[in-house]
Amino acid sequence: LESEPEAGPFSFRHDRSFPVHPLLPCWRTRTSEDTHRIILENLEESAMYGGRIEGVGPRYCPSVEDKIVRFADKESHPIFLEQEEWEGESVYVQGMSTSLPASVQAAMVRTVPGMERAEILVPGYAVEYDMADPLQLLPSLMSKLLPGLFLAGQLNGTSGYEEAAGQGIVAGINAGRFAREAEPIHFSRSQSFLGVMIDDLVTKGVEDPYRMLTARAEHRLWLRHDNADVRLTPIGREAGIVSDEHWQRFEDKQRKVESGIEALQRTHRTPQDDPALTDRISLWEYLRRPGTSLDDLGALPELEDPKAREQIELRAKYQGYLQREDRIRERAERMEDLRIPDAFAYADLKGLSYETVDKLQRARPASIGQAARVPGVRPTDIALLVGHLRARRSPVA
């Protein structure tokens, strides 16, 4: 499997061309009957299956033992061999996560086609760790029980490097702001995957190690990698971690995109220019057609910034969908703007069930939007809360 040549840099802050190093392929193979036989014969030696580890494993990354047992009807399971370095022979065996003894691992690895002479550099292993209940955290990742204590990473019930790093960014920013007595920065679900993950953790809690899957985000048409700078650079600027140079670069790109769109909207084509047309339309409308690019139209030749051109094309192609998404996001943000006081007495609000009171008192949502996402809370409960909070806001005649 060849690498993707168009994969760009992670940062918007430079024009460095990619890839910097030669792209490496990924190799694919599969387990065999012998692999399955060795695993089944040694199941009791597995730390997970032998009962020496009782913790719940990650739902989306099962061990190879788990796959063999749960999907006994499968003759084989895919394995991906990922090269770990440019100048070396170490290969990561993706799809063979295991807690079997090293001697058993050596035997089963060599039953996989293409790996008959493989040597194990680091055997697989299982990890069992404790966690803090993320329902005890505020959206800033500060503890509700001990102000000034911020928690991030696997401690909060997550699994994965990206999840831990994302929480570390949020907890670090807000710990610094807490020390300076500044207001915390909250990331919303409609703003970032960070916001989705943190909201899931502090609102719903976890029953197994949490992974940030894109399917968890209801606004994923807006939460794209190509517009991360648009969504998050202003927040970074507010937090004081975006330099003047970085901010200037961001503003320059935004000006190029907006001026490019305006130029396309001002320029028109007619049936005389293009016999396929039945009416006069702008180049912006023309660009919205499937398979049409700026290069096809010969438009904006003076705009050489490839990232700005890409943004213009994406905004044209998805304009209708994004407008609908904007309306949904605006409604969601209005729900988030309706704040619930920290010490709100849910038990005193007549009409809420005992179950709802218990769930809301435990989660302590900061807004109506968050309260609506607490598992088990009904729409009628939310309507009652909204009515009560709005009545409290209204001046008494």
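Residues numbered from 1 in each chain as written. Predicted model: local features only at pLDDT ≥ 70, side-chain atom pairs only at ≥ 80, totals over all residues. Heavy atoms only, no water.

**Considering the overall build of the protein**
Here is step 1: Within the protein, the regular secondary structure consists of 14 helices and five strands.
Here is step 2: Its C-alpha atoms give the protein principal-axis dimensions of roughly 70 × 65 × 45 Å.
Here is step 3: Per-residue burial over the protein gives 39% buried out of 397 residues.
Here is step 4: Considering only contacts within the protein whose residues lie at least 6 apart along the sequence, 60% involve residues at least 24 apart.
Here is step 5: On the protein, roughly 24,100 Å² of surface is accessible, and the fraction owed to carbon and sulfur atoms is 52%.
Here is step 6: Here the protein contributes 51 positively and 64 negatively charged side chains, and the mean placements of these two sets differ by 6 Å. (Helix = DSSP H or I, 4+ residues; strand = E, 2+ residues; numbered from the N terminus. Buried < 20%, exposed > 50% of the residue type's maximum accessible area, 1.4 Å probe, protein only. Contact = heavy atoms within 4.5 Å. Areas by Shrake-Rupley, 256 points an atom, 1.4 Å probe, with all protein chains shown as cover. Lys, Arg positive; Asp, Glu negative; His and termini not counted. Charge placed at Lys NZ, Arg CZ, Asp CG, Glu CD.)

**Here's the deal with the pattern of salt bridges**
Here is step 1: Counted by the stated rule, this structure contains 23 salt bridges.
Here is step 2: The shortest N-O distance in the salt bridge between Arg189 and Asp199 comes to 2.8 Å. Residue Arg189 is found in the loop between helix 4 (161-179) and helix 5 (193-204), and its partner Asp199 is found in helix 5; the two are separated by 10 residues along the sequence.
Here is step 3: Relative accessible area serves as the criterion here: at 7%, Arg189 is assigned to the buried category.
Here is step 4: Arg329 is the partner of Asp326 in a salt bridge, and the nearest nitrogen-oxygen pair spans 2.5 Å. Of this pair, Asp326 and Arg329 both sit in helix 11 (residues 319-337), three residues apart, which is roughly one turn of the helix.
Here is step 5: Taken together, the shared-partner salt bridges in this structure form one network comprising Arg189, Asp199, Asp200, Lys204, Glu218, Glu336 and Arg373. (Salt bridge = Lys/Arg side-chain N within 4 Å of Asp/Glu carboxyl O.)

**Let's talk about the packing of helix 7 (residues 244-266) against helix 10 (residues 306-317)**
Here is step 1: Contact geometry of helix 7 with helix 10 gives a least axis separation of 9 Å together with a crossing angle of 50°. Between helix 7 and helix 10, the interaxial angle falls into the category oblique. The crossing of helix 7 and helix 10 is right-handed. Facing Lys253, Lys256, Val257, Glu258, Gly260, Ile261 and Leu264 of helix 7, the residues of helix 10 in contact are Lys307, Ala308, Gln311, Ile312 and Arg315.
Here is step 2: Class assignment for the residues of the contact of helix 7 with helix 10 results in five nonpolar, two polar and five charged. (Axes fitted to C-alpha atoms, helices over the stretch in contact; angles between N-to-C directions. Parallel < 35°, antiparallel > 145°, perpendicular 65-115°, else oblique. Left-handed = near helix turned anticlockwise from the far one by under 90°. Nonpolar A, V, L, I, M, F, W, Y, C, P; charged D, E, K, R; others polar.)

**Considerations on the packing of helix 6 (residues 228-239) against helix 7**
Here is step 1: Closest axis-to-axis distance for the helix 6/helix 7 pair is 11 Å, and the angle between their directions is 145°. In terms of crossing hand, the pair formed by helix 6 and helix 7 is left-handed. Between helix 6 and helix 7, the residues in contact are Asp229, Val230, Thr233, Pro234 and Arg237 and Asp244, His246, Trp247, Phe250, Lys253 and Gln254, respectively.
Here is step 2: Here the residues of the contact of helix 6 with helix 7 are counted per class, giving four nonpolar, three polar and four charged.

**Considering the nonpolar core**
Here is step 1: Formed by 24 residues in total, the largest nonpolar core has its most connected members in Leu141, Val170, Ile185, Phe187 and Met197.
Here is step 2: Tallying contributions element by element places helix 5 first for this core, with six residues.
Here is step 3: The residues touching Met197, leaving out its near neighbours within four places in the chain, are Glu163, Gly166, Gln167, Tyr210 and Met212.
Here is step 4: Of all hydrophobic cores here, the second largest spans 18 residues; its members include Ala263, Leu264, Leu277 and Ile312. (Core = buried A, V, L, I, M, F, W, Y, C linked by side-chain atoms within 4.5 Å.)

**Digging into helix 7**
Here is step 1: The first and last C-alpha atoms of helix 7 sit 33 Å apart over 23 residues, in line with the 33 Å expected at 1.5 Å per residue.
Here is step 2: Among all positions of helix 7, only His246, Trp247, Phe250, Lys253, Gln254, Val257, Gly260, Ile261, Ala263 and Leu264 are buried.
Here is step 3: On its buried face, helix 7 sits against helix 6, strand 5 (281-282), helix 8 (283-287), helix 9 (294-297) and helix 10. (Expected span 1.5 Å × (residues − 1).)

**Some points on the environment of Ile185**
Here is step 1: One can find Ile185 in the loop between helix 4 and helix 5.
Here is step 2: Classification of Ile185 as buried rests on a relative accessible area of 5%.
Here is step 3: When the C-alpha atoms of Ile185 and Gly236 are compared, they prove to be 9.7 Å apart, with 51 residues separating the residues in sequence.
Here is step 4: In this view, Ile185 contacts Ile173, Asn174, Arg177, Ile235 and Ala239; residues no more than four positions away in its chain are not counted.

**Let's talk about the sheet that holds strand 1 (residues 26-30)**
Here is step 1: Taken in spatial order, the three strands line up as 1-2-3 in an open sheet, and their pairing is antiparallel. Two strands close off the open sheet at either side, each with one partner strand: strand 1 and strand 3 (91-94). Averaged over all pairs of adjacent strands, the angle between strand axes in this sheet comes to 25°, irrespective of strand direction.
Here is step 2: The sheet contact formed by strand 1 and strand 2 (residues 78-83) spans five bridges and is antiparallel. Among the inter-strand pairings, Arg30 is bridged to a residue of strand 2, identified as Pro78. (Pairing = 2+ DSSP bridges.)

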